[in-house]
Amino acid sequence: MGEAILLVGGQGTRLRPLTLSTPKPMLPVAGLPVTVHQILRARDAGVTRVVLGTSYRAEVFAEQLGDGRDLGVEIAYAVEAEPLGTGGAIRNAADLLTCAPHDPVMVLNGDVLSGIDYGALVAGHAASGAALTLHLTRVDDPTAYGLVPTDGDDRVLAFREKPQTPEEIVTDQINAGCYVFTRSVIDQIPGGRPVSVERETFPELLDRGLLVRGVVDDAYWLDLGTPWDFVRGSADLVRGIAPWSGHEPAPYLLLPGAQVSEQAVLGQGTTVGRGACVHGDAVVEGSVLMDGSVVEAGACVIDSVIGQRARIEAGATIVGAVIGDDAVIGAGNELRHGARVWPGVTLPPTSVRFSSDA
Ligand code: GDD
Ligand code: MG
């Protein structure tokens with residue numbers, strides 16, 4: 001299949017404070033950046049060259065991924081001085097493509113875990129002669145996504161990005177952030193200015209009467225845009241619910257240098273990062289402990305992200321929360337659903353006891 005573009009330039013606002021230091025696509029899920037999971041799946045489907053469309057914290061990608069040799073692909077970097085939006089980013093990245101005008105180019109949003117068969121999607125695109133083929137998935141609440149109704153022949157009928165009113169919710173099929181473009185179609189996106197592929201380019205293709213296909217697929221799919229989906233995606237990879245070639249499903253994952261006491265209870269797909277420590281009888285479930293973080297005895301961490309070198313002191317309870325890098329949660333504190341602690345913040349120990357059924 002050849003070449004792919006990865007869109008990795010978004011700010012990742014909903015994942016703050018995690019994305020203050022690391023761009024969203026480079027955050028580790030099950031110990032590897034989302035982008036790496038995507039590149040490996042693309043490589044396994046026959047992609048040999050990947051152009052990363054970068055903007056926010058562009059330098060981090062090249063520092064960590066280099067020329068792609070270690071991942072078995074060739075990586076090229078397209079950098080936007082100012083964010084160009086999804087369409088502008090695709091157009092900008094196209095300058096670094098080497099394929100011919102009629103060749104298929106796969107484009108992936110950089111924050112999605114998915115089990116779609118890339119090879120079949122590209123083959124179907126080529127066979128249909130379409131200008132664009134989109135992977136669609138079904139979700140219970142489509143309002144945070146782009147709605148894409150199709151007819152019985154997989155022809156896309158409309159694009160409704162982030163519907164605001166109930167009348168706009170015409171389908172549960174959404175844009176899954178994976179496209180196959182015929183290259184010449186990308187080259188026609190206007191250059192040098194911000195363009196939204198979802199709001200501008202896609203509707204325009206319909207207006208021009210071109211064939212746009214949407215293929216609904218029910219394989220595993222998750223957008224990692226919020227902290228809760230981020231921890232879920234990581235846990236799903238560890239437990240073998242999300243696709244990860246060569247990985248043996250397990251209740252938890254210890255990265256090199258992780259230290260876990262024998263009394264500790266780990267489970268529900270938890271990842272313990274490089275050099276991270278879990279002491280005593282601490283309980284850690286469904287969580288991501290980033291590199292160098294510490295969970296002390298008697299602490300309980302559930303469905304949460306603990307940032308790099310952050311420390312959860314004895315007896316603290318963290319449920320559905322995000323703790324920034326280098327933060328310290330003093331003994332006995334209790335943080336629940338939706339709490340976010342900014343990097344470097346210290347919460348002093350507390351002797352106050354909260355009821356646990358709040
Ligand atoms: N290079 C570059 N420049 N990349 C960008 C820019 C930009 O200006 N803006 C966004 N991106 C990247 C993000 O890093 C992300 O990987 C991808 O484009 C999509 O942006 P998100 O901010 O995650 O969009 P979304 O999740 O709200 O919606 C998109 O994805 C949904 C599926 O996950 C849309 O494509 C929806 O239609 C779709 O349903
Ligand atoms: Mg997203």
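Thresholds applied
Residues numbered from 1 in each chain as written. Chains lettered and ligands numbered in written order. Predicted model: local features only at pLDDT ≥ 70, side-chain atom pairs only at ≥ 80, totals over all residues. Heavy atoms only, no water. Domains from an automatic or database assignment. Contact = heavy atoms within 4.5 Å. Salt bridge = Lys/Arg side-chain N within 4 Å of Asp/Glu carboxyl O. Polar contact = N/O pair within 3.5 Å; in protein donor to acceptor, adjacent residues only side chain to side chain. Nonpolar A, V, L, I, M, F, W, Y, C, P; charged D, E, K, R; others polar. Helix = DSSP H or I, 4+ residues; strand = E, 2+ residues; numbered from the N terminus. Donors = N, O, S within 2.8 Å, 3.2 Å for Na, K, Ca; no water. Buried < 20%, exposed > 50% of the residue type's maximum accessible area, 1.4 Å probe, protein only. Pairing = 2+ DSSP bridges.

What follows deals with the domain arrangement of the protein chain. When cut into domains, the protein chain gives domain 1 (2-227) and domain 2 (251-354). For domain 1 and domain 2, the distance between their C-alpha centres works out to 33 Å. Between domain 1 and domain 2, the contact holds 13 residues from the first and 15 residues from the second. Here domain 1 and domain 2 share zero salt bridges between them. The tally of links from domain 1 across to domain 2 stands at four residue pairs in polar contact (both at pLDDT 80 or more). Each residue belonging to the side of domain 1 that touches domain 2 can be placed in one class, and the counts come to eight nonpolar, three polar and two charged.

Turning our attention to the side chain of Glu313. Mapped onto the elements, Glu313 comes out in the loop between strand S24 (311-312) and strand S25 (317-319). Here the side chain of Glu313 touches Arg311 through a polar contact of 2.6 Å, side chain to side chain. When residues no more than four places from it in sequence are discounted, the contact partners of Glu313 are Glu296, Ala299, Val328, Ile329, Gly330, Ala331 and Pro349.

With that settled, the discussion passes to the coordination of the magnesium ion (ligand 2). Donor atoms from the polypeptide that bind the magnesium ion (ligand 2) are Asp111 (OD) and Asp223 (OD), placed at 2.1 to 2.4 Å. With Asp111 in the loop between strand S6 (104-109) and strand S7 (112-114) and Asp223 in strand S13 (residues 221-223), the pair connects residues that are 112 residues apart, well separated along the chain. Judged on exposure class, the residue Asp111 and its partner Asp223 are both buried.

This next bit is on the sheet that holds strand S28 (residues 334-335). Reading across the sheet, the five strands line up as S16-S19-S22-S25-S28 and stay open at both edges, with parallel pairing between neighbours. Both edges of this open sheet fall to strand S16 (265-267) and S28, since each of them pairs with a single strand only.

As summarised here, the arrangement of the six strands in space is S14-S17-S20-S23-S26-S29, forming an open sheet in which the pairing is parallel. The open sheet has two edge strands with one neighbour each: strand S14 (252-254) and strand S29 (340-341). For S14 and strand S17 (residues 270-272), the ladder comprises three bridges, and the chain directions are parallel. Each bridged residue has a counterpart across the sheet, and for Leu254 the counterpart in S17 is Val272.

Glancing now at the pattern of salt bridges. On inspection of all chains with the given rule, the structure shows 20 salt bridges. Between Arg309 and Asp326 there is a salt bridge, with the nearest N and O atoms lying 2.8 Å from each other. Of this pair, Arg309 sits in the loop between strand S23 (305-306) and S24 while Asp326 sits in the loop between strand S26 (322-323) and strand S27 (328-329), and the two are 17 residues apart along the sequence. Classification of Arg309 by relative accessible area gives partly exposed; the value is 46%. With a closest N to O distance of 2.7 Å, Arg336 and Glu334 form a salt bridge.

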